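Descriptive analysis of the structure
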Amino acid sequence: MSQYVLVMLWIAVIYIISKTVNVYTEEYVCGKKEVRVTRGFAIFCVIPLIWWAATRSQWFFDTGMYVRGFENIPESLAEIRSYMEGISKDKGFYMLAFLIKALIGNRDVWYLGILATFQLISIALVFRKFSSNYVMAIFLFVATTDYLSWAHNGIRQFMAVTLIFAATELMLKKKYVPLIAIILLASTLHGSALLMLPVVFIVQGRPWNQKTVLAIFVFLLAIIYVDRFTNLLNDVLVDTQYTNVVSDWQEWEDDGTNPIRVLIYAIPTLLSIIGYPYIKESNDPVVNMACNIGIISTMLYCLSAVTSGIFIGRLPIYCSLYATGILLPWELDNIFTKKSAQTMKLLMIMGFVAFYYYQTHFVWGLI
């Protein structure tokens, strides 16, 4: 059976386990006592995901490129200087890859496994602590195809994403000095991480506050005047490692992110409009931040729909994990009546499974 089917069956297994075995504990989150799954269970849930990411076929999208790049890295530490002189961008990632190879040798499965272990355990531990429904969060991570798109594909950028995601508690506590240091470190893995420098300030405060409304206004201007935005972006990126981004997506005739994907990722933000009174009343700092960062994610996806899915469409992942893994599970539990919530969860699961099948079968041809 295809691993792309097995991964969904695994989510069903961990759901059954969570309902039949006591895997829960109480702990304080932002000063409030909450029920959460144990760390052991959270990590247990992603072990097969780590294994599948480590042993995936080299033909899967960018995997072959990463494996060949790893094979070309010299194994001797004495060659590190000459190797790094040949790297023009994202030097932190290639330095990490060099050190991994010096440690494990030319074992590409181990290499992919080490990267996947950091990525998926970071995801697991943040969801475990800050999501009100851990199993739902993992399901959404898989069903949105974020797992395949990132842990199996754009792993260089995903290393930067998960490094910042692991620092979520610093963002909540507004510890900006160490948080900015982590973002700058992440930018050495992938330069796009610098996007989070303004975002960590914009998303603070109550949901749908003036900062987020202003951000929406700016995005809408960029969407309405997309040609001017494209020219401005091209000027801004001159003399940077992304100098050819605009010309590349125009040359490749990149027609933007699929509107179905845009709609899927907009669901948490749309529900936050409907459930705004409940979000406001709860005044939960985790939910407030997830709501605001989800708005940024939605607007980035809308912008990518009219520009580039390959380049702009890769930016929302820095924000969308909060929206789908933290905000959406909370909304399903808190803005509907108990009976309605069960119906909404069932419909949501069916919808996301349908999207997963559509993406993996019709778009990617995997199953």
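Our structure is the block above this text.
Below is a short write-up of the structure. (Residues numbered from 1 in each chain as written. Predicted model: local features only at pLDDT ≥ 70, side-chain atom pairs only at ≥ 80, totals over all residues. Heavy atoms only, no water.)

This part is about the side chain of N153. Residue placement: N153 occurs in the loop between helix 8 (146-151) and helix 9 (155-165). By relative accessible area, N153 is classed as buried at 12%. If sequence neighbours within four positions are ignored, N153 has contacts with R56, F60, F61, D62, Y66, L148 and R314. (Helix = DSSP H or I, 4+ residues; strand = E, 2+ residues; numbered from the N terminus. Buried < 20%, exposed > 50% of the residue type's maximum accessible area, 1.4 Å probe, protein only. Contact = heavy atoms within 4.5 Å.)

So, on to helix 7 (residues 134-143). Across the 10 residues of helix 7, 10 count as buried, placing the element largely inside the fold. Those residues of helix 7 that sit buried are Y134, V135, M136, A137, I138, F139, L140, F141, V142 and A143. Two residues or fewer past helix 7, T145 is found with a positive phi of approximately 70°.

Here we take up the pairing of strand 2 (residues 32-37). One ladder, built from six bridges, connects strand 1 (residues 24-29) with strand 2; its direction is antiparallel. Counted as the bridge partner of E27 is E34 from strand 2. Hairpin geometry of strand 1 and strand 2 is characterised by an intervening segment of two residues between the two adjacent antiparallel strands and by a positive phi of about 55° at C30. (Pairing = 2+ DSSP bridges.)

This brings us to the nonpolar core. Counting 115 residues, the largest nonpolar core has F127, Y134, Y147 and M196 as the members making the most contacts within it. In terms of residues, this core owes the most to one element, helix 18 (residues 285-305), which gives 12 residues. Among all residues touching M196, those that are not within four sequence positions of it are I164, M171, I183, I293, Y318 and C319. (Core = buried A, V, L, I, M, F, W, Y, C linked by side-chain atoms within 4.5 Å.)

All right, on to the packing of aromatic side chains then. On inspection of all chains with the given rule, the structure shows 20 aromatic pairs. Between the aromatic rings of F93 and Y94, the centroid separation amounts to 5.6 Å while the plane-to-plane angle is 90°, which identifies the pairing as edge-to-face. According to the relative accessible area criterion, Y94 is partly exposed, its value standing at 25%. Taken together, a centroid distance of 5.8 Å and an interplanar angle of 90° make the contact between Y357 and F362 edge-to-face. Using a relative accessible area of 40% as the deciding quantity, one classes Y357 as partly exposed. The class for F362 is exposed, based on a relative accessible area of 58%. Ring-pair connections join several aromatic residues into one group, and the members of that group are Y4, W59, F60, F61 and W364. (Phe/Tyr/Trp six-rings, centres within 6.5 Å; stacked < 30°, edge-to-face > 60°.)

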